[in-house]
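Okay, here's what each chain looks like letter by letter:
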Amino acid sequence: MVFVPRQSISIGWFEFLKAVFRLPFKSSCGREVKRWEELFARFIGVPHAISFISERAGTYFALKALKQINNWEKPEIICPSYTFFSVPWAAKLAGWELRFADVLREDLTMDPQSLIRQINHRTKAIIVTHLNGKPCKMKEIGEIAKSHNLRLLEDCAHSMGVKVNERQVGSWDIGCFSFGDGKSLGTFCGGMITTSDSQLAKSLSEILDRFPEQPKSRIVRKWFDSLLLKVLTTGIFYPLLLYPMLRWFGYLSADSRKKDFLDFIKYVAEKDLTFKFSDLQALAGISQLSSLDRRNSIRRANSVVFRANISKETQEMMLPWDGKEAHTMLHDSIVLDHGMNIVKRSLAKGIDVRLDYCTNCRNLPGMENFPGEDVIGKKLDGKIFFVPNHLGVNEKLSKRIAFELDKLILESKAIDK
Ligand SMILES: Cc1ncc(COP(=O)(O)O)c(C=O)c1O
């Protein structure tokens, strides 16, 4: 039997330890945050990078600032129908009207044709998500935004370090990055806005100047949450602690996306977003930036091995990727009609296949009546699952996961017939 958790945490053990010693001196926003922002801006290839305590905070304040700078009363933004719920939520909270464009069947990123159909005289911005690490059709979407004079926000939570035609994602107009647990780079939570727009950057810096420093207790809580996840998904701790809870008590095994969304809107408000990023978190980011490519390559290599060792039938159920196309492979996705059944049966083999936490946002309470299109998003909602390909997996394990999952999938297909 193998034991494969659903994800791994990119922050190293030594980084956790260093954070403890830094806490008394580095919990405020100072020189290290400046250095982190400069390094990050250079990495993306834009003049400005501004740190926030999360991506949702950055997106929210960027949209608020755009509204203010341009004196837009009720501007409209077009979001992908299928994405993480914080994306449309941040726009709504910032006072934008929402409209959805459908996604493409091949990778669930925004469909440029659907986007064109949604543009109207009130549209002022588009936000796209490079879902799972696969860049959107940026050539087409960039041209659409330019020809209609629209601002273009890129949600790069899954796609840090990926390029389209030698250009980093997040460099088109406004890039939104997340450094939460489970992302390619973690800073005990955090986010960044990247842009070439000096007026927007100035406005965001002024907004941030008014924020208080994070209380030390908040940083400790985030550090502890990340550490707990690291412990529960590493080595001997996983089979001893988390695995039994998943396998025998059904912990994290149900589709809780609606409940998560309701909790999210109940407990997250503007006041929860208004803190400065800290030097301690910036130092964690700086230490991982130079090894980002290596971490993305490990995921890609694991996916190549997995895909080479499954049957043609199972290969056709994966979201297509040829092994060379630009992709961080933060998540390697498979479309499963009876996914929850596979989740239970693969867990019995020790492999934690996970339901995608993103949703067709129009399926969420309160978002059903926003205008737009979501035919593909609706069809695939609840059917996207992640095959473990993270940093805790290697070539040998990928082959084993491929063997076990392929067998399960083919068996359940045979039962269906
Ligand atoms: C696609 C996507 N966008 C945005 C976010 C929000 O990032 P944060 O948690 O830093 O606010 C996430 C978080 O998981 C995400 O997966």
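Residues numbered from 1 in each chain as written. Predicted model: local features only at pLDDT ≥ 70, side-chain atom pairs only at ≥ 80, totals over all residues.

Draft legend 1. View of the sheet that holds strand 14 (residues 384-387). A sheet is described by the order of its strands in space; here 3 strands give the open sequence 11-14-12, paired in antiparallel fashion. Pairing within the sheet leaves two strands with one partner each, and these edge strands are strand 11 (332-335) and strand 12 (354-355). Note: strand 11 against strand 14, 4 bridges, orientation antiparallel. Within strand 14, the position partnered with Ile334 by the bridge is Phe385. (Pairing = 2+ DSSP bridges. Helix = DSSP H or I, 4+ residues; strand = E, 2+ residues; numbered from the N terminus.)

Draft legend 2. Structural view of the site of the ligand. As a structural note, the neighbourhood of the ligand is formed by 14 residues, with Glu55, Arg56, Phe84, Ala157 and Ser178 the closest of them. When contributions to the shell around the ligand are tallied by element, the ones reaching two or more residues are helix 3 (55-70) and helix 4 (86-93). Taken together, the residues of the shell around the ligand sort by class into 3 nonpolar, 8 polar and 3 charged. (Near = placed C-beta within 6 Å. Nonpolar A, V, L, I, M, F, W, Y, C, P; charged D, E, K, R; others polar.)

Draft legend 3. Here's a closer look at the pairing of strand 14. Every second residue of strand 14 is oriented toward a common face, with Ile384 and Phe386 on one face and Phe385 and Val387 on the other, all of them buried. Here strand 12 pairs with strand 14 via 2 bridges, running antiparallel. Looking across to strand 14, one finds that Leu355 is bridged to Phe385. (Buried ≥ 20, exposed ≤ 12 C-beta atoms within 10 Å, placed from the backbone.)

Draft legend 4. Seen up close, the nonpolar core. Ala62, Ile77, Ala91, Ile126, Ile127, Ile141 and Leu204 are the most contacted members of the largest nonpolar core, which totals 84 residues. Take this core: its biggest share by element is 7 residues, from helix 3. Three or more residues apiece are contributed to this core by two domains, here domain 1 (13-209) and domain 2 (226-268 + 290-416). Beyond its immediate chain neighbours, meaning those up to four positions away, Ile127 contacts Ile77, Cys79, Val87, Ala91, Leu153 and Asp155. Listed in part, the 19 residues of the second largest apolar core include Ile342, Ile384, Val387 and Val393. (Core = buried A, V, L, I, M, F, W, Y, C linked by C-beta atoms within 7 Å. Domains from an automatic or database assignment. Contact = placed C-beta atoms within 7 Å.)

Draft legend 5. Highlighting the domain arrangement of the protein chain. Parsing the protein chain into structural domains produces domain 1 (13-209) and domain 2 (226-268 + 290-416). Here domain 1 and domain 2 have C-alpha centroids that lie 24 Å from each other. With 39 residues of domain 1 at the contact, the number on the domain 2 side is 36 residues. Secondary-structure elements contributing two or more residues to the side of domain 1 that touches domain 2 are strand 3 (82-83), helix 4, strand 4 (97-101), helix 5 (112-118) and strand 7 (163-164). At 4 residues, the largest contribution of residues to the side of domain 1 that touches domain 2 is made by strand 4.

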